[in-house]
Amino acid sequence: MTESEKIMVAGCAAGAAAATVPAVYGFIKATARQPITDKDFLRVENGGFVSECGAQIALRGINLNDDLFWFKKDDLDSSARSYDVFAALESRFGRYGARQIVQKYNESFITASDIKRIAKLGANCVRIPLRYRYLYSKENCKGDIDFERLDFLVEKCKKSGLYVILELHSAKGFQNTDSACGKNEKSVLFDSSKDGFEARNAAVRLWTQVAAHYKDEPAIAAYDLLNRPLNRIADWENKLDTLHKFYRRLYKAIRSIDDNHTVIIEAAGAPDTLPSPDKFKGENVAYGLYSHFHTTYEVQSLLNGIREFKESGIPFVVCKLRAEENLESSLSALNDNGISWLTGDFKGEGLKAAYLYGGSVPEADLTFDSYDTIGEKWSKPLATKNFTENKEMAAVLKKAFKYGAISFGQNEKSEKFKVRFKFGSKLIYGNTNT
């Protein structure tokens with residue numbers, strides 16, 4: 001990486017100031033969170049993210065988990081998650097009733113105050129999961145998406161200065177058999193069968209509606225087409241070509257409506273499972289990875305795999321980083337190499353190292369509890385104030401979010417800004433005109 005490539009700026013004010021101080025290099029990030037405006041609209045340029053006003057952005061944030069925890073039902077094992085729980089609710093209360101209960105759960109699980117917490121910690125981005133069964137009242141993604149909850153989150157993030165990555169976590173037909181997608185269901189999304197064909201059509205309908213709805217929204221950083229494709233699928237290598245062709249189809253469908261937003265194409269594991277850069281070079285595309293970093297060797301292997309794509313001009317985003325044992329060194333390595341990242345998760349069950357907030361609430365009995373009882377158990381008790389903060393993780397994230405910080409203080413007697421750069425352990429001060 002050249003010295004000029006090392007300048008990463010977040011925010012238009014930061015971009016204007018840094019441009020006048022060419023002697024200072026490093027990864028630069030505005031410490032003040034300002035609401036996102038049209039000038040902050042992101043696009044891919046020269047291997048990174050650039051705002052409409054020309055500021056270079058390194059996305060650093062956290063995933064907003066929406067898994068359904070805290071339930072009991074005899075025929076569901078302890079690792080069951082959202083799809084299985086939703087199916088159990090739907091069998092008792094119908095699609096509408098199940099969606100209303102899940103809506104209550106989500107409204108309590110992630111609130112406007114939580115968005116402010118994340119921004120205050122120093123993040124500039126969150127990643128929000130999309131599940132087809134939560135979005136549609138009809139099966140097969142037919143009809144219109146209910147955007148009420150999603151619009152609420154996007155607006156709160158926008159006001160708090162947080163970009164949003166929308167990711168399809170659970171598609172019709174399921175892109176993997178992970179517990180958070182559809183563990184107890186067979187994946188057919190990449191099959192050549194009628195079911196596979198219909199599932200792919202459903203995903204196209206979903207993304208075209210999302211793109212049409214958010215095409216002019218600057219707070220949306222990117223559309224992440226499929227979360228963890230082919231994960232835990234036995235014959236995944238035989239379906240890789242179908243995945244690549246499907247990515248191209250989804251990309252074209254979005255571009256027929258929305259020319260503005262970056263599209264993230266996730267690997268089916270390592271970087272070498274991604275489509276050839278020739279397919280997307282110069283097309284406002286980023287490549288995505290989902291990584292578990294347990295050793296320094298794993299971190300270095302991932303970085304080596306990314307470097308092979310350097311000449312393509314396509315940036316990488318580590319969409320979800322799970323590095324419970326060496327989070328600090330992993331984030332430092334990504335920051336040093338100018339790679340955008342998001343950790344996981346903001347909130348979850350138990351005091352796990354991967355959750356910023358963890359805890360337990362009363363279990364909902366999916367067999368015997370009434371509709372109102374389940375709603376009560378999955379409302380106020382889910383508030384973050386009832387959870388325990390992972391202080392060790394918070395300290396690491398706060399430091400990583402501020403990596404190479406730049407802070408501004410306006411001089412009341414002039415139109416100059418006082419600039420304070422931090423690069424490693426060194427501080428450099430200076431003044432610059434607006």
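Above this note sits the structure.
This one's a predicted model, so the numbers in the text were calculated from it and none came from an experiment.

Visitor: Mind showing me how you'd approach helix α7 (residues 240–255) here?
Guide: Note that an α-helix has 3.6 residues per turn; residues three or four places apart therefore point the same way. With 16 residues, α7 should reach 22 Å at 1.5 Å per residue; the first-to-last C-alpha distance of 23 Å fits that figure. Among the residues of α7, those classed as buried are L240, L243, F246, Y247, L250, Y251, A253, I254 and R255. Elements that come into contact with the buried residues of α7 comprise α6 (194–214), β9 (220–224), β10 (262–266) and β11 (285–292).

Visitor: What exactly am I supposed to notice about the environment of K116 here?
Guide: By the element assignment, K116 lies in helix α3 (residues 112–121). Among the residues examined, K116 registers a relative accessible area of 57% and is labelled exposed. Spatially, the C-alpha atoms of K116 and G161 are 9.4 Å apart, while their sequence positions differ by 45 residues.

Visitor: Quick question: what am I supposed to make of the pairing of strand β3 (residues 48–51) here?
Guide: Consecutive residues of a regular strand have side chains that alternate between opposite faces of the sheet. Side chains of β3 alternate between two faces, with G48 and V50 and F49 and S51 buried alike. Taken together, the four bridges between strand β2 (residues 42–45) and β3 define a ladder with antiparallel strand orientation. Across the sheet, residue L42 finds its bridge partner in β3, namely S51. Connecting β2 to the next strand, β3, in antiparallel fashion are two residues, including N46 with a positive phi near 50°. In this structure, β3 lies alongside strand β4 (residues 56–57), joined through two bridges in antiparallel fashion. Each residue of the ladder has a partner; that of V50, found in β4, is Q56.

Visitor: How should the sheet that holds strand β17 (residues 388–389) be read in this particular structure?
Guide: Whether parallel or antiparallel, the strands of a sheet pair through hydrogen bonds between backbone atoms. Taken together, the three strands give an open sheet; going across it, the order is β14-β15-β17, and neighbouring strands pair in mixed fashion. Pairing within the sheet leaves two strands with one partner each, and these edge strands are β14 (347–349) and β17. Examined bridge by bridge, strand β15 (residues 357–359) and β17 share two bridges and lie antiparallel to one another. Looking at β17, one finds that G358 is bridged to T388.

Visitor: Whenever I open this one, the state of the cysteines confuses me. Can you help?
Guide: Here, the word disulfide means a covalent bond between the sulfur atoms of two cysteines. For the structure shown, the criterion picks out zero disulfides. For the unlinked cysteine C157, the closest cysteine sulfur is that of C125, found at 8.6 Å. You can call C157 buried: its relative accessible area is 0%.

Visitor: How do you make sense of the pattern of salt bridges when you look at a structure like this?
Guide: Two side chains that carry opposite charge are able to pair once their charged atoms sit near each other. The final tally for this structure, using the stated rule, is 25 salt bridges. Ionic pairing is found between R131 and D67, a salt bridge with its closest N-O pair at 2.8 Å. Separated by 64 residues along the polypeptide, R131 in strand β7 (residues 125–131) and D67 in the loop between β5 (60–63) and β6 (71–72) bring together distant segments of the chain. Among the salt bridges present, the one from K245 reaches D241, with a minimum N-O distance of 3.2 Å. Separated by four residues within a single helix, K245 and D241 lie in helix α7, roughly one turn from each other. By relative accessible area, K245 is classed as exposed at 58%. One connected set of salt bridges, linked through shared partners, spans E90, R95, R133, E139 and K172.

Visitor: Can you help me understand the sheet that holds β4 in this one?
Guide: The three strands are arranged β2-β3-β4 in an open sheet whose pairing can be described as antiparallel. The open sheet has two edge strands with one neighbour each: β2 and β4.

Visitor: It is not clear to me how the environment of F71 should be interpreted in this structure. Could you clarify?
Guide: Among the secondary structure elements, F71 is positioned in strand β6. C-alpha separation for the pair F71 and E363, spaced 292 residues apart in sequence, amounts to 4.6 Å.

Visitor: Would you mind showing me how to read the packing of aromatic side chains here?
Guide: The geometry of an aromatic ring pair is captured by two quantities: the separation of the ring centres and the angle between the planes. With the rule as written, the count across this model stands at 17 aromatic pairs. Ring geometry for F69 and W70: centres 5.1 Å apart, planes at 65°, overall edge-to-face. A single burial state applies to F69 and to W70, both of which are buried. Ring plane angle 80° and centroid distance 4.7 Å describe the contact between Y83 and F174, whose orientation is recorded as edge-to-face. Residue Y83 is located in helix α2 (residues 82–109), and its partner F174 is located in the loop between β8 (163–170) and α6; the two are separated by 91 residues in the primary sequence. Residues Y83 and F174 agree in their burial class; the two are buried. Three or more aromatic residues joined by ring pairs make a cluster, and in this case those are F69, W70, Y105, F109, Y355, W378 and F387. Sitting over the face of the ring of Y357, R117 holds its NZ or CZ atom 6.0 Å from the ring centroid. It is R228 that lies over the ring of Y290; its NZ or CZ is 3.7 Å from the centre.

Visitor: What am I meant to see in the nonpolar core here?
Guide: Across soluble globular proteins, nonpolar side chains show a tendency to be buried alongside one another. Counting 131 residues, the largest nonpolar core has L166, L206, W207, V210 and W378 as the members making the most contacts within it. Considering each element in turn, this core owes the most residues, 10 residues, to α2.

Cut-offs applied
Residues numbered from 1 in each chain as written. Predicted model: local features only at pLDDT ≥ 70, side-chain atom pairs only at ≥ 80, totals over all residues. Heavy atoms only, no water. Helix = DSSP H or I, 4+ residues; strand = E, 2+ residues; numbered from the N terminus. Expected span 1.5 Å × (residues − 1). Buried < 20%, exposed > 50% of the residue type's maximum accessible area, 1.4 Å probe, protein only. Contact = heavy atoms within 4.5 Å. Pairing = 2+ DSSP bridges. Disulfide = S-S within 2.5 Å. Salt bridge = Lys/Arg side-chain N within 4 Å of Asp/Glu carboxyl O. Phe/Tyr/Trp six-rings, centres within 6.5 Å; stacked < 30°, edge-to-face > 60°. Lys NZ or Arg CZ within 6 Å of the ring centre and 35° of its normal. Core = buried A, V, L, I, M, F, W, Y, C linked by side-chain atoms within 4.5 Å.

Keep in mind that these numbers describe shape and distance, not what the molecule does.
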